[in-house]
Amino acid sequence: MAVDLVFEALASRPRREILAYLSAQELTAGEIASRFAMSAPAISRHLSVLEGAGLVSSERRGQYVVYRLNKDNLVNTLTGFAFEVCPKAGPLKRESRRLAARKAT
């Protein structure tokens, strides 16, 4: 489930720090790695987990891979989770689904 992947990704302090660095700008993998005292393969694994969870995306630009934060995905996932556990939001979400289903038919 996508929510599980997001929370697994957020469970790691280095991954949360990577997200914080990417919140203001795009960075290359090398620029991200320079901010940590860990090996390049370890940073690569963290970036893979974040990308697998849909929290960051990457793009090859020449010899560099540039990473950026997928802000909408993070917000939508966390909001959806909050709606599921919030006692007032759950009924509202179900009503919204019913209304959407009626419009679709």
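The text that follows walks through the structure, step by step, so that each part is easy to find. Since we're looking at a predicted model, the values are computed, not measured. (Residues numbered from 1 in each chain as written. Predicted model: local features only at pLDDT ≥ 70, side-chain atom pairs only at ≥ 80, totals over all residues. Heavy atoms only, no water.)

Next up on the list: the side chain of Thr-28. In this fold, Thr-28 is placed in strand β1 (residues 27-28). Those residues in contact with Thr-28 that sit more than four places away from it in its chain are Tyr-64, Val-65 and Val-66. (Helix = DSSP H or I, 4+ residues; strand = E, 2+ residues; numbered from the N terminus. Contact = heavy atoms within 4.5 Å.)

To continue, consider the pairing of strand β2 (residues 56-61). Regular strands place their side chains on alternate faces of the sheet. Relative to strand β3 (residues 64-69), β2 runs antiparallel, the two being bridged by six bridges. Among the inter-strand pairings, Arg-60 is bridged to a residue of β3, identified as Val-65. What sits between the antiparallel neighbours β2 and β3 is a turn of two residues, in which Gly-62 has the positive phi angle 65°. (Pairing = 2+ DSSP bridges.)

Before going further, it helps to examine the sheet that holds β3. Here we have three strands laid out as an open sheet, ordered β1-β3-β2, and antiparallel in their pairing. The open sheet has two edge strands with one neighbour each: β1 and β2. Against the sheet, helix α4 (residues 40-52) engages β2 and β3, with an angle of about 115° to β2. (Axes fitted to C-alpha atoms, helices over the stretch in contact; angles between N-to-C directions.)

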